[in-house]
Amino acid sequence: MQAPVDRFDGIDAFVATAKAGSFTAAAQLLGLTPSGVAKSVTRLEARAGIKLLHRTTRRLILTPEGDAYLAACTRAIVELEAAESALAPQDWVPQGRIHLGLPGAFGRRHVLPGLLEMAARYDKLDLTVSFTERTMDLVQEGYDLSLRIGELKDDADLVAKRLGTQRLVICAAPAYLERHGPIHTPDELGQRDCITGPRGQSRPAWLLSTPEGHRVQQEIHARHAFSDGEAMLAAGLAGCGILQMPTWIVGDALQHGTLVPLLPDFAGGEMPIHVVWPKSHYLQPKVRAVIEMLKSLAGKEGSGFEP
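Bear in mind the structure is a predicted one, so any value in this text is a computation, not a measurement. Numbering of residues starts from 1 in each chain and follows the order in which that chain's sequence is written. Whole-chain, interface and lining totals are the exception, using all residues; otherwise, since this is a predicted model, local features are given only for residues with pLDDT of at least 70 and side-chain atom pairs are given and counted only at 80 or more. Working from all heavy atoms in the structure, the side-chain values ignore hydrogens and water.

Q: Whenever I open this one, the overall build of the chain confuses me. Can you help?
A: Segments assigned H or I by DSSP are reported as helices when at least four residues long, segments assigned E as strands when at least two residues long, and all are numbered from the N terminus. Assigned secondary structure in the chain consists of ten helices and 13 strands. Across the 307 residues that make up the chain, the buried fraction comes to 43%. A fraction of 73% describes how many contacts in the chain between residues 6 or more apart in sequence connect residues 24 or more apart. Only the protein chains shown count as cover for residues, and the accessible areas themselves come from Shrake-Rupley with a 1.4 Å probe. When the accessible surface of the chain is split by element, carbon and sulfur atoms take 53% of a total near 16900 Å². By the counting scheme adopted, Arg and Lys are positive, Glu and Asp are negative, and His together with the chain ends is not counted. In this description, the location of a charge corresponds to atom NZ of lysine, CZ of arginine, CG of aspartate or CD of glutamate. Of the charged side chains in the chain, 32 are positive and 35 negative; the average position of the first set lies 5 Å away from that of the second. The buried label goes to any residue with under 20% of its type's maximum accessible area, the exposed label to any with over 50%, and the partly exposed label to all in between, with areas taken from a 1.4 Å probe on protein chains only. Contacts were defined at the residue level, with two residues in contact if any of their heavy atoms lie within 4.5 Å.

Below, the structure written as structure tokens:
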């Protein structure tokens, strides 16, 4: 008599491989051998009748079918975990692995301490934290939640909770101004050396607030671009150009005079800060716990979250 087919066999191996990028890395996560993971994925492909991964000598690449299947598997796993959590006792503590995406400098300075405190308090809560300025696809990439700075795009697959804002200030080092002279109008930013984050726009611009209270986009000349706020700050302190940075990262430098504010009549631009997570019928305790921690953090003075 033929044994019944296990329709879920190989799914964990496939998801881990797709996210880790190799059978070896997936095997380490699952506590299996690389050959065992590879065979499990091969059996899944045979059972499903589709090729999920292109295998080369250097890397594994998802096929279009594999990409769609990964998204479906990820959604199913999230829903299953959420259903199990909803049925758990009310005093059930956060546990399991939680995947978070945080903006680099802000996440390290203001969020990481709270996460580490949670990890120390809950022995069964495991963290996987990525620091990136990239807007990640939470559902596709298997993240539980992310902190995003800036205006959000409409996304029916996500839920967002506004935590606060960060206020922006334009500034430069005295050494830069001594070499290149003061700046008097926003239009001059189009000819001066400006320091920006990742170049996501063909015509980079800064958000300014006019004396009349209007928000405007001012095009700038982006001479230097860095993927991390701490690197941008270092470049500004070195006299490499003009910065527009949140007050929480340049406040000490402004106070000590190593940076000086510019265009005060046009400063005051703000960017909202949200925590976002995939929409689901249930909110897992581990996700709920991190959201509550962030909400509590946002209410504290000096947290980086301005009202």
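Q: Even after reading the chapter, I still don't get helix α2 (residues 23-30), so can you show me in this structure?
A: Structurally, the α-helix is built with 3.6 residues per turn, so residues lying three or four positions apart point the same way. Every buried residue of α2 is listed here: Phe23, Ala26 and Ala27. End-on view of α2: buried residues confined to an arc of 105 degrees, all on one side of the axis. α2 presents Gln28 and Leu29 as exposed residues on the side facing more than 90 degrees away from its buried surface. Summarising the contacts, the buried residues of α2 are in contact with α1 (11-20), α3 (34-48), β1 (53-55) and β2 (60-62). Of the residues flanking the end of α2, it is glycine 31, one or two places downstream, whose phi is positive at about 75 degrees. The arc in question is the one spanned by the directions pointing from the helix axis to the C-beta atoms.

Q: Explain the side chain of serine 40 to me, please; I cannot follow it from the model alone.
A: Locating serine 40 in the fold gives a position in helix α3. For serine 40, a relative accessible area of 8% corresponds to the buried category. When residues no more than four places from it in sequence are discounted, the contact partners of serine 40 are Asp9, Gly10 and Ala13.

Q: Explain empty space enclosed by the protein here, please?
A: If a probe as big as a water molecule is rolled over the atoms, it shows which places are left empty. The pocket and cavity definitions rest on a 1 Å grid over protein atoms only: a 1.4 Å probe that fits but cannot leave marks a cavity, an open set with protein on both sides within 12 Å along at least five of seven lines marks a pocket, and residues lining either have an atom within 4 Å of a point. Grid points are joined across faces, edges and corners, and a volume is the space filled by probe spheres set on the points. In total, this model carries one cavity of 30 Å³ or more according to the counting rule given. Roughly 100 Å³ of volume is contained in the largest cavity. What lines the largest cavity is a set of ten residues, and nearest its centre among them are Val78, Asp144, Pro278, Gln284 and Val287. For the lining of the largest cavity, the per-class residue count stands at seven nonpolar, two polar and one charged. Three residue categories are used. Nonpolar comprises Ala, Val, Leu, Ile, Met, Phe, Trp, Tyr, Cys and Pro, charged comprises Asp, Glu, Lys and Arg, and polar comprises the others, including Gly.

Q: What exactly am I supposed to notice about unusual backbone geometry here?
A: Leaving glycine aside, a negative phi is the common case for residues, and trans is the common case for peptide bonds. A positive phi angle, close to 45 degrees, is found at leucine 263, a residue other than glycine. Within the secondary structure, leucine 263 sits in the loop between β12 (260-261) and β13 (270-278).

Q: Explain the pattern of salt bridges to me, please; I cannot follow it from the model alone.
A: Side-chain pairs of opposite charge can arise where the charged atoms are in close proximity. Salt bridge criterion: a side-chain nitrogen from Lys or Arg within 4 Å of a carboxyl oxygen from Asp or Glu. In the structure shown here, the tally under the stated rule is eleven salt bridges. Between glutamate 306 and arginine 167 there is a salt bridge whose closest N-O contact spans 4.0 Å. With glutamate 306 in the segment after α10 (285-298) and arginine 167 in strand β6 (residues 158-172), this residue pair connects regions lying 139 residues apart in the sequence. The salt bridge partner of lysine 295 is glutamate 292, with a shortest N-O separation of 3.3 Å. On the criterion of helical spacing, the pair formed by lysine 295 and glutamate 292 is a turn pair, its members being three residues apart in helix α10. By relative accessible area, glutamate 292 is classed as partly exposed at 42%.

Q: Would you explain the packing of aromatic side chains in this entry?
A: Each aromatic ring pair is characterised by the separation of its centres together with the angle its planes make. Pairing of aromatic rings covers Phe, Tyr and Trp, the last through its six-membered ring, and needs centres within 6.5 Å; plane angles under 30 degrees mean stacked, over 60 mean edge-to-face, and all others mean tilted. Tallied over the entire structure, the rule returns three aromatic pairs. Ring centres 5.0 Å apart and planes at 85 degrees place the aromatic pair phenylalanine 106 and phenylalanine 305 in the edge-to-face group. Residue phenylalanine 106 is found in helix α5 (residues 104-121), and its partner phenylalanine 305 is found in the segment after α10; the two are separated by 199 residues along the sequence. A residue is classified by how much of its surface remains accessible, and phenylalanine 106, at 1% relative accessible area, is buried. An aromatic cluster is defined as three or more aromatic residues linked by ring pairs; in this entry it consists of Phe106, Trp248 and Phe305.

Q: How should the pairing of strand β3 (residues 96-102) be read in this particular structure?
A: Sheet faces and side chains relate simply in a regular strand, where the side chains alternate between the two faces. With seven bridges connecting them, β3 and strand β4 (residues 125-131) associate as parallel partners. Paired with arginine 97 across the bridge in β4 is aspartate 126. Orienting the strands away from the viewer, one traces the path from the first strand over the helix to the second; a clockwise path indicates a right-handed crossover. Where the polypeptide runs from β3 across α5 and back to β4, its parallel neighbour, the crossover connection is right-handed. The pairing criterion is simple: DSSP has to find at least two bridges between the two strands. Direction of pairing for β3 relative to strand β5 (residues 145-149): parallel, over a ladder of two bridges. Paired with glycine 101 across the strands is serine 146, a residue of β5.

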